[in-house]
Amino acid sequence: MKIGYACINQSLDCRSSRTFRLKNYSEERLKNTIDSNLDCLLKILKFNLKNKILFFRITSDLIPFGSHPIMRFDWQDYFKLRFREISKFITRNKVRITMHPGQYTVLNSKNRDVYENSVNDLKYHVDVLDLLELSPSAKVQIHVGGVYQDKKKSIMRFVERYEKLEENIKNRLIIENDDRSYSFSDILKINEKIKIPVVFDVYHHECLNNGTRIEKLFESFISTWKRKDGHPIVHYSSEHLTKGKCKHAETINIENFYKFILKTKSYNFDIMLEIKDKEKSALKAVKLLLDDPRFNKSIL
DNA sequence: TCACGTCAAGCAGAT
DNA sequence: ATCTGCTTGACGTGA
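Below, the structure is looked at part by part.

## Side note on the state of the cysteines
In step 1: If you walk through the whole model with that rule in mind, you get one disulfide.
In step 2: Linked covalently through their sulfurs, cysteine 14 and cysteine 40 form a disulfide whose S-S length is 2.1 Å. Taking the torsion about the S-S bond as the criterion, the cysteine 14 to cysteine 40 disulfide, at about 75 degrees, is right-handed. Here the residue cysteine 14 occupies a position in the loop between strand E1 (3–6) and helix H1 (27–50), and cysteine 40 occupies one in helix H1, the gap between them amounting to 26 residues. Like cysteine 14, the residue cysteine 40 is buried in the burial classification.
In step 3: Considering cysteine sulfurs only, cysteine 40 is the nearest to cysteine 7, which forms no disulfide, with 11 Å between them.

Here's what the structure looks like:
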């Protein structure tokens with residue numbers, strides 16, 4: 001079981017998601033920004049390793065405008081040695097990596113342009129993971145997309161478009177239940193059709209479910225993952241104390257986290273924390289597991 | 001140095 | 001109609 005967090009490390013004084021505005025685009029600026037983003041990414045990964053955090057989501061902003069038409073620069077070739085260096089670090093230390101395209105990537109969109117841009121964006125994300133020479137266990141995770149007042153048709157559109165994707169994208173793509181449109185049981189239905197592995201988002205499930213308890217779903221969730229896909233992935237958050245329902249918490253509620261861990265302890269999976277204070281919560285979770293004899297072997 | 005208007009992009013739900 | 005939130009505020013002009 002690996003513990004991870006998403007994109008940003010607040011303890012370090014760098015960001016791997018520096019970008020710039022489109023109207024300021026220049027090759028020079030692009031190179032500088034990518035250079036500093038890659039520097040920071042490696043710094044974060046080293047910080048993580050030192051703290052036994054072996055799961056990390058790389059930001060989509062690593063390469064600014066990575067899937068935008070303005071991008072003509074061959075960053076894949078120009079930075080290939082830098083990527084190789086990071087690749088070695090990740091592989092040598094068995095770090096699990098994922099990426100998560102943003103809200104503008106909607107594979108099942110009814111708008112043709114949005115659909116085509118989405119395919120390009122998936123290509124960009126997969127490009128990054130391919131450049132890092134990572135196995136198919138490094139995943140690109142998305143939500144199903146829009147409902148457009150007709151969930152059945154929208155799911156069918158997702159399925160058809162998934163099937164048209166190139167193999168290297170299909171090998172990495174996974175889908176996650178969200179908090180307002182597609183519940184976990186919707187996601188499972190899609191899995192039945194195309195066998196795409198599914199991420200179980202514990203907190204989204206609390207916001208949107210069909211009254212089914214986690215324990216009943218866990219077996220079917222786990223079985224959507226094949227050996228080549230690596231360990232199943234769970235997303236974990238808890239409720240924001242003041243902002244209320246379905247807002248991500250500022251920091252992890254470690255008691256609730258522990259309860260969840262106990263409830264699911266017969267399964268092996270990796271946990272991505274989606275919590276505002278990032279690595280701080282990850283450190284707490286790692287410490288909890290290391291201090292508990294039931295888990296301290298499985299995390300190392 | 002800092003305030004604050006704006007930034008590539010979609011969708012759903014609340015106001 | 002407009003605003004907010006989403007995996008996340010950051011950029012950068014103008015004072």
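Structure's up, so let's keep going.
## Remarks on the protein's contact with DNA strand C
In step 1: Taken together, 19 residues lie around DNA strand C, and Arg15, Arg21, Asn24, Gly102 and Gln103 are the ones closest in.
In step 2: Sugar and phosphate atoms constitute 58% of the interface atoms of DNA strand C, taking the interface as everything within 4 Å of the protein.
In step 3: Here a phosphate oxygen of DNA strand C and a side-chain polar atom of histidine 204 are 3.3 Å apart.
In step 4: Split by residue class, the surface near DNA strand C holds one nonpolar, eight polar and 10 charged.

## As for the protein's contact with DNA strand B
In step 1: Around DNA strand B, a shell composed of 13 residues is seen, among which Arg21, Leu22, Ser109, Val147 and Tyr148 lie nearest.
In step 2: Each atom of DNA strand B within 4 Å of the protein belongs either to a base or to sugar and phosphate, the latter forming 43%.
In step 3: Here a phosphate oxygen of DNA strand B and a backbone polar atom of valine 147 are 2.6 Å apart.
In step 4: The separation between a base nitrogen of DNA strand B and a polar side-chain atom of arginine 180 is 3.2 Å.
In step 5: The class makeup of the residues in the surface near DNA strand B is six nonpolar, five polar and two charged.

## Quick look at the pairing of strand E2 (residues 55–58)
In step 1: Side chains Phe55 and Arg57 of E2 all project onto a buried face; the interleaved residues Phe56 and Ile58 project onto the opposite face, where all are buried too.
In step 2: By the bridge criterion, three bridges tie E1 to E2 in an arrangement that is parallel. Counted as the bridge partner of tyrosine 5 is phenylalanine 56 from E2.
In step 3: Assessed by its sense of winding, the connection that carries the chain from E1 through H1 to E2 is right-handed.
In step 4: Inspection of the sheet shows E2 paired to strand E3 (residues 96–99) by four bridges, in the parallel sense. In the sheet register, phenylalanine 55 faces E3, and the bridge partner there is arginine 96.

## Quick look at the sheet that holds E1
In step 1: Strand order in the closed barrel made by the eight strands is E1-E2-E3-E4-E5-E6-E7-E10, with parallel pairing throughout. Across the sheet, the mean angle from the axis of one strand to that of its neighbour is 30 degrees, orientation sign disregarded.
In step 2: Against the sheet, helix H4 (residues 112–131) makes contact with E3, strand E4 (139–142) and strand E5 (173–176), and its axis sits at roughly 155 degrees relative to E4, the strand it touches most.
In step 3: Helix H11 (residues 279–291) rests against E1 and strand E10 (270–273) of the sheet, and its axis sits at about 175 degrees to E1.

## A short note on the nonpolar core
In step 1: Among the nonpolar cores identified, the biggest contains 93 residues, and Ile3, Trp75, Phe83, Ile97, Phe260, Ile271 and Leu273 are the most heavily contacted of them.
In step 2: Broken down by element, this core gets its largest block of residues, nine residues, from H1.
In step 3: Setting aside residues up to four positions removed in sequence, tryptophan 75 forms contacts with Ile34, Ile63, Phe83, Tyr124, Asp127, Val128 and Leu131.

## Structural notes on helix H10 (residues 254–263)
In step 1: Residues Phe257, Phe260 and Ile261 constitute the buried set of H10. All buried residues of H10 fall inside an arc of 100 degrees around its axis, so they share one side. H10 presents Glu255 and Lys259 as exposed residues on the side facing more than 90 degrees away from its buried surface.
In step 2: Close packing links the buried residues of H10 with E1, helix H8 (202–207), helix H9 (214–222), strand E7 (233–236), E10 and H11.

Rules and cut-offs
Residues numbered from 1 in each chain as written. Chains lettered and ligands numbered in written order. Predicted model: local features only at pLDDT ≥ 70, side-chain atom pairs only at ≥ 80, totals over all residues. Heavy atoms only, no water. Disulfide = S-S within 2.5 Å. Helix = DSSP H or I, 4+ residues; strand = E, 2+ residues; numbered from the N terminus. Buried < 20%, exposed > 50% of the residue type's maximum accessible area, 1.4 Å probe, protein only. Near = heavy atom within 4 Å. Polar contact = N/O pair within 3.5 Å; in protein donor to acceptor, adjacent residues only side chain to side chain. Nonpolar A, V, L, I, M, F, W, Y, C, P; charged D, E, K, R; others polar. Pairing = 2+ DSSP bridges. Right-handed = clockwise from strand over helix to strand, strands pointing away. Axes fitted to C-alpha atoms, helices over the stretch in contact; angles between N-to-C directions. Contact = heavy atoms within 4.5 Å. Core = buried A, V, L, I, M, F, W, Y, C linked by side-chain atoms within 4.5 Å. Arc of directions from axis to C-beta.

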